[in-house]
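What the coordinates show
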Amino acid sequence: MAQLQSGSFWGPLAFVCLAIGVLLPAVLVALSRNILHAALWLLPCLVSVAGLFLLLGAEMLAAIQILVYCGGIVVLILFAIMLTQDVGHGDVRVLNQQLLWGLIGAAALAGVLLHLLSREAWPVAARPQLGDVTGRLADALLSPYVLAFEVSSVVLLVAMIGAIVIARAEPE
Amino acid sequence: MTSLPTIPIQAYLLVSVLLFAIGLLAVFVRRNAIGVLLGIELMLNAANINFVAFWRYGGAARMEGQVFTVVVITVAAAEAAIALAIILNVYRRFKTANVDQINLMKG
Amino acid sequence: MLGGFELYLIPGLPLLACLLIAALALRPGRERIAPALVIAALAGSLVLSVQALARAAGHKPLSMSLPWLSVGGLTFDASALVDNLSGVMLVVVALVSLLVQIYSIGYMRGEIGYGRYFAYMALFSGSMLGLVISDNIVQTYIFWELVGICSYLLIGFWYRRPAAAAAAKKAFVVTRFGDLGFLTAVLILSFQGGGIFGFQQLEHMVKAGVLSSGVVTAVALLLFSGAVGKSAQFPLHIWLPDAMEGPTPVSALIHAATMVAAGVYLVARTYFFFAAAPSALFVVALIGLLTQFFAATMGVAENDIKRVLAYSTISQLGWMMLALGAGGYTAGVFHLTTHAFFKALLFLTAGSVIHAVHTNNMWQMGGLGRRMPITALTCLVGALALAGIFPLSGFWSKDEILTSVWSSPLPGHQIFFLVAMIGAVLTAFYMFRLWFLTFSGAPRSAEAGAAHESPWVMTGPLVVFAALAIAAGALKARVPWTSFGFGELVRFGEGREVVSFAVIGLSLGASLLGIAVAWAAYRAKVISPAAFNARFPAIYRLLKNAWYFNLLWELFATRVVIAGSRLAAWFDRHIVNGMVDGVGWLSGWAGRRLRVTETGQMQFYALVFIIGVIACLVVVFGREQSLVSLVVPRP
């Protein structure tokens, strides 16, 4: 991985591949006819995001991304798709009536954001400290941000219980 | 790790913004509720890319960028679980997962 | 001691009696204690009033004041003042009230509502005494309204009779017109005068010229309008003849001696306003003159014994107003005093007659002189007093009025004098017409033939009143319990003592002329009233219909007032309600228009949301605002 970082050719190349790997599947996720296909196209997109994390030097995050997102969430979504298959009331449209305005809205937001972000003079650091990133992440999570850490675990517990309760079948 | 002087931060921001916009589009136009959820996941990931990029290009000394990302992923997982549970419930009630057919709040 | 809480007892005792009667004496078996309570209370008030008069007359006035209400920067006191004027009036009111209550025991015996009657009478007496003893104009107004209510309650005592109920309502509504003026005067004073309401302080203010002359004149005229209503002056006199529907003692007490005198008393109390506004004085005198003349003409044509006396009261009150307007302050108040005695007397004798004959119509009476000697004799005394024959009390007061008119600074006072003279003739005429028709000749109906004298509980007060009617002239020389004559006690500024034998002669001559014509027409039957009416039918109709005043007021009420009411109702219904309804309609319309945004589609809401976000971004970051500088603190 370190070799990929150095040199002014492989880095940008990796970036471009990963960027395409993120954006192209994303478009398919958004516009696929078949909902199952759309969920499946999420996988390459998320894996590419993990790749971008790697490229940026956050290995732990890349691992977490794959484990949690690709391995957990996408599977969950696939289960839900199977449980809510549309019987097909004759109306097989995938996209609703807002297509035009949705496109305009999303494009407008993208445009505004790009404009704002591009004119900024970002204070980029010259020398990044890329030592023991994972270790430093662990230190950060277990002191200064231990509260966030613990609360996140409570959130997960509550969400689990909540999901069970909400998705329970109606008691007869 | 050495720096990447050849990839400007704006590149990552571009990817992030575009991914966000695609996710937003999915939220706007998908009829299936799970399709909307997919759009939300895309938007969350766009935000994560942003966080990590700023962490790296801000010097990587302070870990807040990554910490935020961890928390975002955690919450995304929780939210996906709840959202899907709700969608299941709605599906049982309305016999469909198409959000534009669920308009009881109309008027 | 300069006055204490006993001053509050003077009106307080009768009011307490009213409460006690209401609590204890309204059940059928227990009603007999009601008159005892009232008489005891009034006796107490009389004693206290006499005491107060003795201490205050000619010396420093007695006064007592308690702070009562403080609101919005204004303070109102519950205060009492006994000076020369109020001291004399208190004794008169208390005395007349007491005698009338004794008379009522006999008159109202066996009536349903016996207890209620005395409760109302006690309430009235207390209110009237309170009115007289008040030291500030707001308190006077409060008691003014109270006596008005009592008048309503007592006129409509037999409320099951439609005529009585209508008369009570008419009395209240008509006097309301006047009361509105009174209230307006109080309001003007509270704004212009800085919240000063005490009579003595007001007098200082007026004399010091603090108020502009326009304000003073306005206040004087508005106060007089209240007096016009209460004292039944033209044009608000129409309620008094109808008020005769009430029991006769009520007519005697309220509508002859006391309540209707409240208007005259008010003018006397606030005379400093009038003295500073000569145009107001002229109006007072003019109204008084017109009233006394017109009422006398109406009294001539009445066949109901009480209504004749009612018109007589109106006319006599006009005499008092005329006196006050002409500058004869002492004369006016003196006549108020003597009139209280002989008019109460006359009403009570009329009541005695009605009690015996069961009718008010004089043409069904006749020959009662033999059958009811005490009544007839005392009535004669009253009639002579009213006609102003020497040496009865009426002579002295009437003469003083005429003298003050004759020597008055009013413009055109000679014409006033002439008209007053004609009125004097008419007064004597109608009074003796009444006497001859009622008591002399032969009985004209079966009841008249079977009549007998009233019990002593009724004739006793008659005798006392007759004595007062004869002797009250002596007040000029010396007021009992004081060491002064009436003219020295009751005067405004330096009184003028003018004696004119010419006026005395003319006055006596006018009265005798009136008596003579009445004797000729109704005793000796030399002149025929029927022939007169046949020769002058227009005059007869005019007088019989009381110059059509009632009709005029009715037209005013139905045409003008109701038309105005319809306009106001239309305005309320369409404009005011329209505005309120319009707000509602507008809300509904806006809601219907805005409903389009509530599609129930979540993605639509999301789209709108993002558009908002874009707008915010543009607004906040539009002008070269840096993202980084918002987040990174400046070094």
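What counts, and where the lines are drawn
- Residues numbered from 1 in each chain as written.
- Chains lettered and ligands numbered in written order.
- Predicted model: local features only at pLDDT ≥ 70, side-chain atom pairs only at ≥ 80, totals over all residues.
- Helix = DSSP H or I, 4+ residues; strand = E, 2+ residues; numbered from the N terminus.
- Buried ≥ 20, exposed ≤ 12 C-beta atoms within 10 Å, placed from the backbone.
- Contact = placed C-beta atoms within 7 Å.
- Pairing = 2+ DSSP bridges.
- Nonpolar A, V, L, I, M, F, W, Y, C, P; charged D, E, K, R; others polar.
- Core = buried A, V, L, I, M, F, W, Y, C linked by C-beta atoms within 7 Å.
- Expected span 1.5 Å × (residues − 1).
- Axes fitted to C-alpha atoms, helices over the stretch in contact; angles between N-to-C directions.
- Parallel < 35°, antiparallel > 145°, perpendicular 65-115°, else oblique.
- Left-handed = near helix turned anticlockwise from the far one by under 90°.
- pLDDT = per-residue confidence, 0-100.

Quick word on the overall build of chain A
Secondary structure assignment for chain A yields seven helices and zero strands. The N-to-C order of helical and strand elements in chain A reads α-α-α-α-α-α-α. Out of the 172 residues in chain A, the part that is buried amounts to 30%. At a minimum sequence separation of 6, the contacts of chain A that also span at least 24 residues come to 50%.

Some words on the pairing of strand 2 (residues 74-82) of chain C
Residue and element names in this part refer to chain C. Bridge count between strand 1 (residues 62-71) and strand 2: nine bridges; the pairing is antiparallel. Paired with Leu-69 across the strands is Phe-76, a residue of strand 2. Here strand 1 folds back onto strand 2, and the loop between the two strands holds two residues, one of which, Gly-72, carries a positive phi near 60 degrees.

So, the interface of chain C and chain A
Between chain C and chain A, the contact holds 13 residues from the first and 12 residues from the second. Elements that contribute at least two residues to the side of chain C that touches chain A include exactly helix 27 (602-621) and helix 28 (627-631) of chain C. If one sorts the elements of the side of chain C that touches chain A by residue count, helix 27 of chain C sits on top with 10 residues. Considering only residue class, the side of chain C that touches chain A consists of 11 nonpolar, two polar and no charged.

Looking at the nonpolar core
Counting 215 residues, the largest nonpolar core has Leu90(C), Val284(C), Leu322(C), Ala344(C) and Ala469(C) as its most contacted members. Once residues lying within four places of it in the same chain are set aside, the contact partners of Leu90(C) are Ile10(C), Ser49(C), Ala52(C), Leu53(C), Val82(C), Leu129(C), Val132(C) and Ile133(C). In this structure, Ala58(A), Val74(A), Leu13(B) and Trp55(B) belong to the second largest nonpolar core, which totals 85 residues.

Describing helix 19 (residues 413-439) of chain C
Residues and elements named next belong to chain C. Helix length check: helix 19 (27 residues) gives 38 Å between terminal C-alpha atoms against 39 Å at 1.5 Å per residue, within 8%. For helix 19, the tally of buried residues reaches 20 of 27 residues, placing the bulk of the element in the interior. With its phi angle positive at about 75 degrees, Gly-441 sits one or two positions after the end of helix 19.

Notes on the packing of helix 4 (residues 114-133) of chain C against helix 5 (residues 137-155) of chain C
Any two packed helices are characterised by the angle at which their axes cross and by the distance between the axes. All names here are of chain C. Taken N-terminus to C-terminus, the directions of helix 4 and helix 5 make an angle of 155 degrees; their axes are 8 Å apart at the nearest point. By the angle between their directions, the pair helix 4 and helix 5 is classed as roughly antiparallel. Pair helix 4 / helix 5 crosses with left-handed handedness. Contacts between helix 4 and helix 5 pair Tyr-120, Leu-123, Phe-124, Ser-127, Met-128, Gly-130 and Leu-131 from the former with Thr-140, Phe-143, Trp-144, Leu-146, Val-147, Cys-150, Leu-153 and Leu-154 from the latter. Residue composition of the contact of helix 4 with helix 5, grouped by class: 12 nonpolar, three polar and no charged.

Let's talk about the packing of helix 6 (residues 162-192) of chain C against helix 8 (residues 213-230) of chain C
Residue and element names in this part refer to chain C. Contact pair helix 6 / helix 8: the axes reach a minimum separation of 7 Å and the direction vectors enclose 155 degrees. Regarding the angle of helix 6 to helix 8, the classification is roughly antiparallel. Considering how the two elements wind past one another, helix 6 and helix 8 form a crossing that is left-handed. Contact residues: Val-174, Thr-175, Phe-177, Gly-178, Asp-179, Gly-181, Phe-182, Thr-184, Ala-185, Ile-188, Leu-189 and Gln-192 in helix 6; Val-215, Ala-218, Val-219, Leu-222, Leu-223, Ser-225, Gly-226, Val-228, Gly-229 and Lys-230 in helix 8. A class-by-class count of the residues in the contact of helix 6 with helix 8 yields 12 nonpolar, eight polar and two charged.

Description of the interface of chain A and chain B
Across the contact, 78 residues belong to chain A and 67 residues belong to chain B. Only helix 2 (10-31), helix 3 (35-55), helix 4 (59-83), helix 5 (99-118), helix 6 (133-142) and helix 7 (146-167) of chain A provide two or more residues apiece to the side of chain A that touches chain B. Across the side of chain A that touches chain B, the residue classes break down as 57 nonpolar, 17 polar and four charged.

Focus: helix 3 of chain A
Three- or four-residue spacings in an α-helix give side chains the same orientation, since the helix completes a turn every 3.6 residues. In this model, helix 3 of chain A (21 residues) spans 31 Å end to end at C-alpha, consistent with the 30 Å of a helix rising 1.5 Å per residue. In the stretch just after helix 3 of chain A, Gly57(A) is the one whose phi turns positive, near 95 degrees.

So, the confidence of the model for chain B
Residue and element names in this part refer to chain B. The share of residues in chain B with pLDDT of 70 or more is 94%, and the mean pLDDT across the chain is 89. At the level of individual helices and strands, chain B shows its lowest average pLDDT in helix 3 (residues 64-94), which scores 92, and its highest in helix 1 (residues 9-29), which scores 95. Quick note on the complex model: pTM equals 0.66, ipTM equals 0.89.

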